[in-house]
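Chain residues, written in single-letter form:
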Amino acid sequence: MNVLYFAWVRQKIGRSEEVVEHAPALRTVGELAAFLRARGGGYGEAFADLARLRVAVNQVHVRMDAVLAAGDEVAFFPPVTGG
Amino acid sequence: MNVLYFAWVRQKIGRSEEVVEHAPALRTVGELAAFLRARGGGYGEAFADLARLRVAVNQVHVRMDAVLAAGDEVAFFPPVTGG
Amino acid sequence: MTTNIHIQAEDFDVGEEIEALTADQVQAGAVASFVGLVRGGDGLAALTLEHYPGMTEREIAKIAAEAQARWRLGGITVIHRVGRLAVGARIVLVAVAAAHRGSAFQACEFLMDYLKTRAPFWKQEDRGAGSEWVEARPSDDDAAERWRKR
Amino acid sequence: MTTNIHIQAEDFDVGEEIEALTADQVQAGAVASFVGLVRGGDGLAALTLEHYPGMTEREIAKIAAEAQARWRLGGITVIHRVGRLAVGARIVLVAVAAAHRGSAFQACEFLMDYLKTRAPFWKQEDRGAGSEWVEARPSDDDAAERWRKR
């Protein structure tokens, strides 16, 4: 899966994009977030409070319980502030 | 008093402006309208139905019962359709 | 807060007017605007706009002052054309600058609703075969009326 | 009905965009538009706009399709800038053409409300001393929410 980060999520993690292998333990977006948080450091900070994060799978807004599949594009970002 | 006519009121009467001497019998706008209607012809047509007319005195919207004074500028016109 | 009111035969430049409204105002984050055009159809060739010089400007100034009293606005521009206007021509521009979009949108709609029901303009439709005065629409009165209830 | 969606670093010409929206449409009597600018104050020097390329265009296209399904519109233009924008710079234009002003105003406000809450843009404020990400405002969520209840 291709995982993208935007705004302060990107800044805390220190990168904008990475590949994470899809695995049975990463069934949902929330599980992927927990997996990334467990890396600690910037990841720990970025994923400390999931209520502050929004997520999209394949460029569509979804919730943390959305189910993942191999090849998905998953993006984590703060609530949007455009316009 | 200077009396002005706009839109189809002006067309029916055939003029855009005229002077009408203020008089005790022309106490209100409605009385002025009745006086003008009594002239018949285009005036009769223009003032046939006062519900179709709007009026301003000294460039301010008023009702037919507004009281007139010498020197007033009185305008009769249809409901406005700008914008 | 600047209020620009122009009644004119000439066309206007929408982009320039909107730009001028916020030129010196770093506090204006929002400009809502409305452009009314001569809508074609049913064989309409043109509209002729008549107005009551003097009263028109006064009424629009009153409406603008009322908008300014209801919302905190950075500026208002109202331009209304008169004379003969072909299908597709611009008739009216209302533009409102404000700090935030809610005020700008509401004031712009308020100004249009009151302009339609209080400013002394009259439209005559030219369909080639003859011309006819446009009737006032009750829906415009309803649109203006809703601002009283707030 | 045309929908124009542009995400770009470059500035845009509001007058041209509004004009283009009704160029071939004699049925459009009304264009409502909104321009958002970088609002100054509190020492703000500039904003930097980041977005999610691809998703941004998709989200805006969805919002535009929803507006078109709710109101009969003649055309929609949405232009949103990205990158570094100084105080006073234009950020966003939403313009909607329709036969009548009610639909144009409502659709324009609807588009702005949804753009604010669904399109993946993020603003960073540069105050000279450092930069900070703008927090989402609950009032924007409320503004979008009111369209659900209708």
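Computed from a prediction, not measured in an experiment: that's the story for all the values here.

**Section: the overall build of chain C**
- Looking only at helices and strands, chain C has four helices and eight strands in total.
- Going from the N terminus to the C terminus, chain C shows its helices and strands as β-α-β-β-α-β-β-β-α-β-β-α.
- A compact globule built from 150 residues would reach a C-alpha radius of gyration of about 15 Å, and chain C, at 16 Å, matches this within 12%.
- Referenced to the eigenvectors of the C-alpha coordinate spread, the extents of chain C come out at roughly 50 × 35 × 30 Å.
- The buried share of chain C, taken over its 150 residues, is 54%.
- The long-range share in chain C, meaning contacts at least 24 apart out of those at least 6 apart in sequence, stands at 78%.
- Of the accessible surface of chain C, which amounts to about 6300 Å², a share of 45% is contributed by carbon and sulfur atoms.
- Looking at chain C, you have 18 positive and 22 negative side-chain charges, and the mean spots of the two groups are 6 Å apart.

**Let's talk about a negative patch on the surface**
- A grouping of C:D13, C:E16, D:D13 and D:E16 is seen on the molecular surface, where their side chains present a negatively charged patch.
- Inspection of the secondary structure puts C:D13 in the loop between β1 (2–8) and α1 (14–21).

**Describing the pairing of strand β3 (residues 46–51) of chain C**
All names here are of chain C.
- Of all six residues in β3, five are buried; the element is thus mostly enclosed.
- Looking at chain direction, β3 and strand β5 (residues 83–86) are connected through four bridges and run antiparallel. Looking at the pairing, T48 lines up with R84 of β5.
- With six bridges connecting them, β3 and strand β7 (residues 121–126) associate as antiparallel partners. Within the sheet, the bridge partner assigned to T48 lies in β7 and is Q124.

The rules we used
- Residues numbered from 1 in each chain as written.
- Chains lettered and ligands numbered in written order.
- Predicted model: local features only at pLDDT ≥ 70, side-chain atom pairs only at ≥ 80, totals over all residues.
- Heavy atoms only, no water.
- Helix = DSSP H or I, 4+ residues; strand = E, 2+ residues; numbered from the N terminus.
- Rg over C-alpha atoms; globule rule 2.2 N^0.38 Å.
- Buried < 20%, exposed > 50% of the residue type's maximum accessible area, 1.4 Å probe, protein only.
- Contact = heavy atoms within 4.5 Å.
- Areas by Shrake-Rupley, 256 points an atom, 1.4 Å probe, with all protein chains shown as cover.
- Lys, Arg positive; Asp, Glu negative; His and termini not counted.
- Charge placed at Lys NZ, Arg CZ, Asp CG, Glu CD.
- Patch = residues over 30% accessible without salt bridge, like charges linked within 9 Å, V, L, I, M, F, W, Y side chains within 5 Å.
- Salt bridge = Lys/Arg side-chain N within 4 Å of Asp/Glu carboxyl O.
- Pairing = 2+ DSSP bridges.

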